[in-house]
Structure formats: C-alpha cells, structure tokens
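# Descriptive analysis of the structure
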Amino acid sequence: MDEATQLSLLLGGLAAGFFGSVHCFAMCGGIASALGLAAAPALRRRGAYMGLQLCYSAGRIASYSVAGALAGSLGFFLNEALGPKGPFLLRILAGGFLVALGLYIGGWWLGLRQLEALGAKLWQHFSPLVKRLQPVNGPFKALLIGGLWGWLPCGLVYSVLVTASSAGNWAWGALTMTAFGVGTLPALLITGALAQRVSALARKREARWAAGSLLLLFGGWTLVGASLALRHACH
Amino acid sequence: MLDPSALTPPDNCYHCELPVPAGDDYSLEVDDRSLPMCCPGCRAVAQFILESGLGDYYRYRDAPGNNPEAFSLEMSEMLEAVRLYDDPEVQRDFVRRDEAGVDFATLAVEGITCAACAWLIERQLKKCPGVLKADTNLSQHRVQLQWDANQVALSTLLQEVAKIGYRAFPFQPDTQELLLREESRRALGRLGVAGLGMMQVMMYAVALYAGAFEGIEDVYRDFLRWVSFAVTTPVVLYAAQPFFRACVRDLAAGQLGMDVPVSLAITAAYLNSIWATWFQTGEVYYDSVCMFVFFLSVGRYIEMRARHRSDFATRTLLRLVPEVALRLGEGEEKFVPVRSLRVGDRLRIKPGETVPVDGVVLEGISSVNESMLTGEPTPKAIGVGERLIGGTQNIESPLVMEARQVGPETVLSTIVALLDRAQSEKPALVGLADGVARVFVIMVLILAGLTFLAWWLIAPEKAIWVTLSVLVVTCPCALSLATPAALAGATSGLARIGFLATRGHVLESLAKATHVLLDKTGTLTKAEFEITESISVGDLEPSSSLALACALESASEHPIAKAFLHAADSASSLEVEERSANPNRGVEGRWQGRRVRVGQPKYVSELWQEQGVQPPEQVRLNRQEALWILMGDEKGPLAWYALEDQLRPEAKAFVHELQARGLQVELLSGDPSPALQRVAGELNIETARGGLTPRDKLDRVRALEAEGAVVVMVGDGVNDAPVLAAAQVSIAMGGGADLAKITADAVLLGDDLSLLTDGLRWAHQTRRVIRQNVTWALAYNLCALPLAALGWVAPWLAAVGMSASSLLVTLNALRLHRVRQKT
C-alpha cells in the first residue's frame, strides 16, 4: 500500500468523523449528555466531567478500532478472493459508501438506514450489558460503557468501516477507524459544554447540507481516484 | 412532572429532533406511548437511554419556553414568545410608567459588539412610531427605551430589533444573568477551539519550518499543510465568527469598525494559505491565522469578563432581595413570592433576614445593616415608624413592616435603573474616542493598501505577509476600549461604596470642577438636634436631672426627644407616672410625687407661674442660635438644655480636602440665621451667603458658569431641584430616601460627605487612566505601524503585540473597579 493510499485512509477517516459529527451532535451528543447524567454525583463536577466524557469516548474509539481491525481482516480475505483488482474494487465500494453517507447526512437519500436496521439487530446483544454497568462510579466502568456505545447502530460508522476494509489489512483498518473516532472527538466533547447551541446548529438544514456535500465530494474523489487506478491497473 | 413528549414537536424525532421522513415508522413504544423516531440509530439510542433509566435527559434537555434558546427558533415562534411581554402583569416587573403615560424599560440585547451595532439598533428602534428614546449602552449591552404604549407595543419593538439580527429581551436580572452566562460560555468555547487549533497548527508549522531547512518531501509537506488546513478551518469558521459578524454589520451600516481590518486580515491569510496548499506553491499562514484569532479572542474574553464584572456589581444589588417574604394576613402567616407583594401588605422580618421591599416599621425595635446600599458598615438603629429599605438586613430582633414601595419603585430598583442610565449615556469622551478609532481604521486600511502595493513592486513574495502584519498589528482594539472600559469600571466601583453616578458625564465633569457650592446649611450638618449644653439650676445632680428628662421624653417621637435619648448613656430607670405629651410644647409627668415638666420654657414655667424665664446670661450669649429647653417642677426650674444642629463630623475634613484640591467652596443658604456664619467660620469657608431665594442661588450658579467655572452643586436633591439642574454636576445627599424623586447627576447614598471627595478623587483617577490608555494605544500603534510596514514584524508577532496592547489597556481600566475608600 503506497503512502497516498494510507494518507487518504487516515484523512478520509478523520474527515468522515469530523464532518459526520453533524450527525453526532444530534444523536450521539444526546448519549454523551445522558451518560453524563448517569455518572455518580462525584463525577459530575466540572473537572471530573470532562475526564468522564474522555473515558466514554476512549471506550467508544477502542470499539471502533476493534471493528476496524475486523473490517480490515475481512478486506484482506476479500482481496485474496478477488485477485489483483481486489483493492480497487474495495476502494470503489468505500467511495460509494461515502457518497451514500454524504446523501444520508444531507438528508437527500436515506438508504443507509437499511444498514442501521441490520446493526440494530447486532446491538440487541449488547444493550442488556449496559444496564448491568449502572451506575457509573469510576473511569473503568465509563470505559466499558463507552465501549458498548461504539456498537450502537450508526450508518456513519458502517460506511467508514467499508473504507477501513479497503485497507486490506487489520492494522490499517484499525488505524482508519481510530482516525475516524478521533475525528468525532471535538464534536462530542464540545457537546458537553455547548450542547444546546451546537445541536441547534446541527439541526439547521444548511449545516447538514454543507457537511453532506463535503462528504459527497470526498466520496466522489475516492470513487474517481479508485476507478482511474483500476483502469490503469487493467491495462 | 413535565411530560417529555410535550417538549418535541410531534413530527420530529424524539431523540435527535430532526424531522421524521414521511412514510417511515421506527417509532418506539414506551409505557403505552409511541415516540416518533427518524431512524434505527435514534431508536436504538433512545432505547439505550430510556432503558438505562436516563429518561431525565429528555426532560432536562432544552425545554422550549423556559430557556432563551426558544428565541433562536424560527421567527414565527419568536414572535409568539415576545407577545407575552405585552401582558401588563408581566410588564410589572420591568416597565416603569411615568405620569405622562410614557413607558420606560431596559432591554438586554445580545450580539452588540461595537459602536456600529449600537447605532444600528438605535436607528431601527427610533424608526418606529411611538418610540421616544432609545439609548444603547455599548459596554453593558443594554438599550434604554422610552415609548408610548398607545402607539406601539413592546413586542413590536422587540421584533424590530430581531429583524436586524439582534436578540432583545426586557431586562430582568435573571434573563440578563442567563444571557451573560451564555455569552461567557460561548466565548470560552470559541477560545477553546482557537486555542486547541493554535497548538495543533503551531506543531505542524514547526515541522514545516524544520522541513524547509532540511528538505522535506513534497508529499509530507502537502500532507502537513492539508492537516493544518483541516485544523484551521474550524478556528476560522467558528472561533473567528464574532469578528466576521461584527464586520458585516459594520459594513452594512456603512461604518468602519475595528473588526473590518481584523476580518480582512483573517480572510486574506486563510484564503492565501488555501491557495498555496491547493496549488502546492507559496507560503501558508495557518499558524498566524490561528494565533491571531486566539489572541484576539483572549483579548475580547478578558474585556467581556471586565464588562460582566461591572454588570454583576450592579446585579448583586438586585440579588440582595429575597425570593419569598412572610406576609401577615388575617390570623395567618404565609410565605409568598416577593413579586406578588402589593403596597400595604404587612410583612414579618426575622432577625438575620433581608428586607424584601421598601416600607415602614409597624412593630418592633431593631437595627439594620444598610452597608450594601451605603457602604456604611455600622448597623443603624430603627424603631416604629421608621423607614426600611429593601435589600438591607435586619439584625437584632423581629420587625413587622408595611410595604410602601414594591417592584420597580423600590430604592434598589431605582438605583439599578439610575446606574443603567448613567452607563447608557455616551459621554463626550467616548464619542471622541470612537471618532478617533474610526479615522484610525480608515488610515490603517489605506496604509495597508499602500504597503501591499509597495511590496508587490519590490518583493512580491513578501507582499502578503507584510500587509497581514500591518493589518494585525494596528488593530485599534485598544483605542476603542480605552475610554469606555475605564468609565464603566469607575462607575461601578464608586456605586459599590455608595457614590451613585446617575448620568454618564459625572466622572468627566467632576474631574474638571472648579467650584463646589453647598446648597444650604443642612448639607454640612446632621439635621438632628444634639444637647450641646446642660445647666442644673435646681436641687438635682446634673446626671439625675438628665435621667429624669430622658424618662419624661422617652415616649415621644419628637426630634427633641431623640436628642435626649441619644444623650443618655443607658435607658432611664427612673419611674415616671401619669406621663402625658403636650404637642409642640413639652411633656409632663409625676416623679416621686413631684409634677415635672420638660419642654418650651413658657410651658414649663407655667408650673410655678413665672413669665419670661431666661437661661443664665453668660451661656445664652455663647449659644445664640441654640434652642433652649427647660425642665422644672412646681417649685421652680431644675435644668436648662441647649439643643443645636451639629456639624457632620466629616465636614471639616471635607471642606479642607476640597480646598486643598484647589476648589472654591461656597455656602449658599436660604436660612437667614446667624448659624450660617458660625458654620462658615468653623469650616474656613470664605464665601457664605444667607437668606438667598432659589432664584438668587440660580443666578449665582449662572454667574459662575458664565465666568467659565465648572460648578458642582451639593443639595438634598428634592427641594432644590431647579438649582441643582443648573449646575454642571449636581450631587444629592440621598441617604436612601425618596431616591426616585431625586433629579441629581449623582447621589451620595451613604449620607456621608467624604463620599464626594472619594468621587472627586476617583474622577481624577479615571481621567488619568483614560489618558494613560489612549496615550499607550496611540503610541503603540504609531511605533508598530512603520516596523510592520517595513517587514520587520512577522504576522504571529503582530498578533501577540496587538493583543498585549489591548490587554494592557483593559487591565489598566480594571484597576478602577476597586475604589479605595479613604479612612
């Protein structure tokens, strides 16, 4: 894998996380605040609160990384199965998913929800665990809950996972997803402090359109780049 | 309990509040209710939250209606919300109506950043028919509004302000505080984004600089640039937003504020960097952009904190008032909200509690602490019939009071309203500074243009960053802040010690004063009698005759009786029977079988049927203005007492300090009595005129001002209003009473003359600080400009210099918050 591909994986993950955050503000921002309420009173003080949110997010990002490693391994086997064209086909698929994500965030086409419905089935196995971890009275439990949170059905995560699988090995898959998680950090950490204002902004149609358009561009770029490279490779 | 589902419009997702796409059904069944959900994700999340027992989150989230956020909803919803403010019951809290039917209110406005905003809002409001006056207070973000409710509704005015992009609320302490907190929180958020961005980008910048020396592969260089771009973007789009907004507003209003060059610099540097990144050529300035935004935000943040501080100082006054009061009804006591109190309500105030409204004492004797109003730390003794001011603290024993003034009529509310007025008036000094800053901005823009042109011809590769440095380094923030920050700080600092400036020009004029005219003797005296001489002429020891007089007078409320009570060391233990008061003449009683009287000599001497009794000759000559009181029994006189109105203890030092400052002190009195000359002599006042009519006093003020004098007139503020109004600065000895009627430019709440000298001292100090600030700002800009234009100042250094300069000015002004009272 050349440097440009690695770079585009990391940047792609980071950008998807960052711009996809518009989605997060509305959805995961709510969890962040709700989990804030779940904590033992001692942890809700100002200083501790940020630490608590960091623990939740660290757990969540760890889950993403694990999922990324799984996706990367899956990509490895797909590459083996598809032969030399494999990496390009996967990248085209990833570009397609990014486009779908852009459409989803912008609110133009909601196809990714079918995927979320599938994810919701997976989530059913995790959700009972959440109750057992209440109340959150220390960083360890916060990490665990954050880890569970990572498996909530989310179209955003799924489309980036496809990108991660296009890396074709577990390490880069995990890295891509970690970058994605880091990209979501500012949004989720800010929500604690500025929840009202930011979610009001995120609810604005224009904000979602802008973020959706950026992701569309990104997906388009991946698609075109991968298609060109595929044609090049076929010659 | 609030029903959570009521908080979200029915068609929106219960969790993320985005609209639910038509034809989809992911709704979640909880406790027989169907919660709408937009997608499987939200459904799972909501289930996760509800099942974890965190349903409270939805309730605490953002309940529309009880939170200012409601106003950022769509316009139509906002209009609905502001209509509430037309309800007279709601208006009672913040609207004051005068005799002519004109309504007065203070609006808190969010989003004012500069003089242009203030101007825009005023213009928009004044366009509306029925608006009589709209004064914007830039440093406190408030608008003083006067309007005719018959012509225009308050809600219409609020909407007008909303139309041009500002959010206005009737000012109520709670709303205002919420807004301040919100503003502060958002500013902190911006600061955080800018700070984090700056740290990240500087790291990359170091790598890039190092790379430039050691040879970096283009791929890595471009990667670092792209990452810098990604980090800088939120800094520019989010953290720098206030500057852009202010800039757009300035330009829309046809003005050039300080945010214009700032925005220009940020935009130019950012776009130029994107260009360089995209085409992989030239220089990037992501680090400079982030630093500039960060340092500017730091400066603004500190300035905002300073402003909030003077605001909170005023606000603290209103917070003194408790939320509930114990109202006495027919046979029952009930806690009621202070807002629902009416004039005439009877209230019980326990020791340690705060008096909720203004009124008079019906039952009980206690002492109250008025230090929050007057700065006077010693508690004041208080008894039946005496005045209680809301916000003061009852110390010793329970009192029952009757409410006389409630809501906006109370002394506290009046003080806050007067302070607001003072701060909203733009003194000539501030106008001058604004004008200078405006000219300065134009100069900066022209010079920046010239610099760019020159460098473009000489060394085009440097033109961009040199111009950036010029724009950044000369930002006239410090210049615009210098004066208003100092005035706001001094006004609120003085208010805290009991010197209440009610007009904007007070500090400026006080610093220029040449004459202090004291209107009437009462200004210098305590206006209460004191026993200055006592002579025993009968068979009683002096101490026991005084005790007897006190015992006789103890039931009376007359000022003369008070003089005796003050003179006695302790409450008299003498048993006096059959005590009866004879109004305006004296008191009679039976003590040890003797009929005793104290009072007017004529009334007392009736006991032994003698006429024309006189006090002993030698003492009488010494105290010609004294009021002589006689005590006697059926056999003859027992004791004489001379009662006199005493000079205030601080009067001598007061006059001395004024004279030491080079001020001419004159005493103008309507009283023809010789007391005037005695007082003047005792205080070393050369010019003292007695028996003057108000007309004479007015002529004197006019004559002095015609000679070019700046006259400070000190009076009681109520009876001498026309004379006070004629003087450049009028100062009333307020003492808390009748504050609403006082028309003076400043009020001494502490009823202590030394407050006036404090005010004078502080006015000079303020002038000094303003001069320092303006000098510094101008000198800095004049020095920095050529250096930057010559290309000796890198953009990041320019950002540091500019911020340090405005920080210095703000901190210097902050010193004025702390008025050191001379002891």
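Here we summarise the structure given alongside this text.

What counts as what
Residues numbered from 1 in each chain as written. Chains lettered and ligands numbered in written order. Predicted model: local features only at pLDDT ≥ 70, side-chain atom pairs only at ≥ 80, totals over all residues. Heavy atoms only, no water. Helix = DSSP H or I, 4+ residues; strand = E, 2+ residues; numbered from the N terminus. Buried < 20%, exposed > 50% of the residue type's maximum accessible area, 1.4 Å probe, protein only. Contact = heavy atoms within 4.5 Å. Areas by Shrake-Rupley, 256 points an atom, 1.4 Å probe, with all protein chains shown as cover. Pairing = 2+ DSSP bridges. Salt bridge = Lys/Arg side-chain N within 4 Å of Asp/Glu carboxyl O. Core = buried A, V, L, I, M, F, W, Y, C linked by side-chain atoms within 4.5 Å. Lys, Arg positive; Asp, Glu negative; His and termini not counted. Axes fitted to C-alpha atoms, helices over the stretch in contact; angles between N-to-C directions. Parallel < 35°, antiparallel > 145°, perpendicular 65-115°, else oblique. Nonpolar A, V, L, I, M, F, W, Y, C, P; charged D, E, K, R; others polar.

This part is about the overall build of chain B. Of the regular secondary structure elements, chain B holds 27 helices and 29 strands. Scored against the burial criterion, the 823 residues of chain B give a buried share of 53%. Looking at chain B alone, contacts between residues at least 24 apart form 67% of all its contacts between residues at least 6 apart. Of the roughly 36900 Å² that chain B leaves accessible, carbon and sulfur atoms contribute 56%.

Quick look at the overall build of chain A now. Looking only at helices and strands, chain A features nine helices and zero strands. Ordered by position in the sequence, the α and β elements of chain A form the string α-α-α-α-α-α-α-α-α. Taking as baseline every contact in chain A between residues at least 6 positions apart, the subset at least 24 positions apart corresponds to 79%. Counting only carbon and sulfur atoms, one obtains 72% of the accessible surface of chain A, whose full area is about 10300 Å².

Turning our eyes to something else, we now look at the sheet that holds strand S12 (residues 366–369) of chain B. Residue and element names in this part refer to chain B. A sheet is described by the order of its strands in space; here three strands give the open sequence S13-S12-S15, paired in antiparallel fashion. One side of each edge strand has no neighbouring strand; the edge strands of this open sheet are strand S13 (380–382) and strand S15 (393–394). Across three bridges, the pairing between S12 and S13 is antiparallel. Counted as the bridge partner of Val368 is Lys380 from S13.

Close approach of charged atoms lets side chains of opposite charge pair. All names here are of chain B. Scanning the entire structure with this criterion turns up 15 salt bridges over all chains. In this structure, the salt-bridge partner of Arg594 is Asp633, at a minimum N-O distance of 2.8 Å. Taken together, the residues span a long stretch of sequence, with Arg594 in strand S22 (residues 594–599) and Asp633 in strand S23 (residues 627–633) at a distance of 39 residues. Exposure remark for Arg594: the relative accessible area of 18% places this residue in the buried category.

What follows is about the nonpolar core. Residues and elements named next belong to chain B. If you look at the biggest cluster of nonpolar residues, it comprises 65 residues, and the most contacted ones within it are Val235, Val262, Ile266, Phe292, Val293, Leu296 and Met802. Among the elements that make up this core, the one with the highest residue count is helix H11 (residues 286–319) (ten residues). If near-sequence neighbours (up to four positions away) are discounted, Leu296 is found in contact with Phe243, Val262, Cys477, Met802 and Ser803. Residues Leu510, Ala651, Ala746 and Leu760 belong to the second largest nonpolar core, which totals 48 residues.

This part is about the side chain of Asp287(B). All names here are of chain B. Examined against the element boundaries, Asp287 turns out to sit in helix H11. Within the buried core, Asp287 has no salt-bridge partner, and the shortest N-O distance to an opposite charge, that of Arg225, equals 9.8 Å. Dropping the residues within four chain positions of it, Asp287 is found in contact with Val201, Met202, Ala205 and Tyr209.

Attention now moves to the pairing of strand S18 (residues 515–519) of chain B. Residues and elements named next belong to chain B. Across the five residues of S18, five count as buried, placing the element largely inside the fold. Going residue by residue along S18, you find His515, Leu517 and Asp519 tucked away on one face and Val516 and Leu518 tucked away on the opposite face as well. When S18 meets strand S25 (residues 664–668), the two strands line up parallel, connected through five bridges. Across the sheet, residue Leu518 finds its bridge partner in S25, namely Leu667. Direction of pairing for S18 relative to strand S27 (residues 711–715): parallel, over a ladder of four bridges. Bridging from a neighbouring strand, His515 pairs with Val711 of S27.

Residue and element names in this part refer to chain A. Packing of helix H5 (residues 112–132) against helix H7 (residues 155–165) brings their axes to within 9 Å, and their N-to-C directions diverge by 100°. One way to sum up the angle between H5 and H7 is to call them roughly perpendicular. For the pair H5 and H7, the contacting residues are Leu112, Leu115, Glu116 and Gly119 in the first and Gly155, Tyr158 and Ser159 in the second. For the contact of H5 with H7, the residue count by class is three nonpolar, three polar and one charged.

Note that all results are geometric; they support no functional claim without further evidence.
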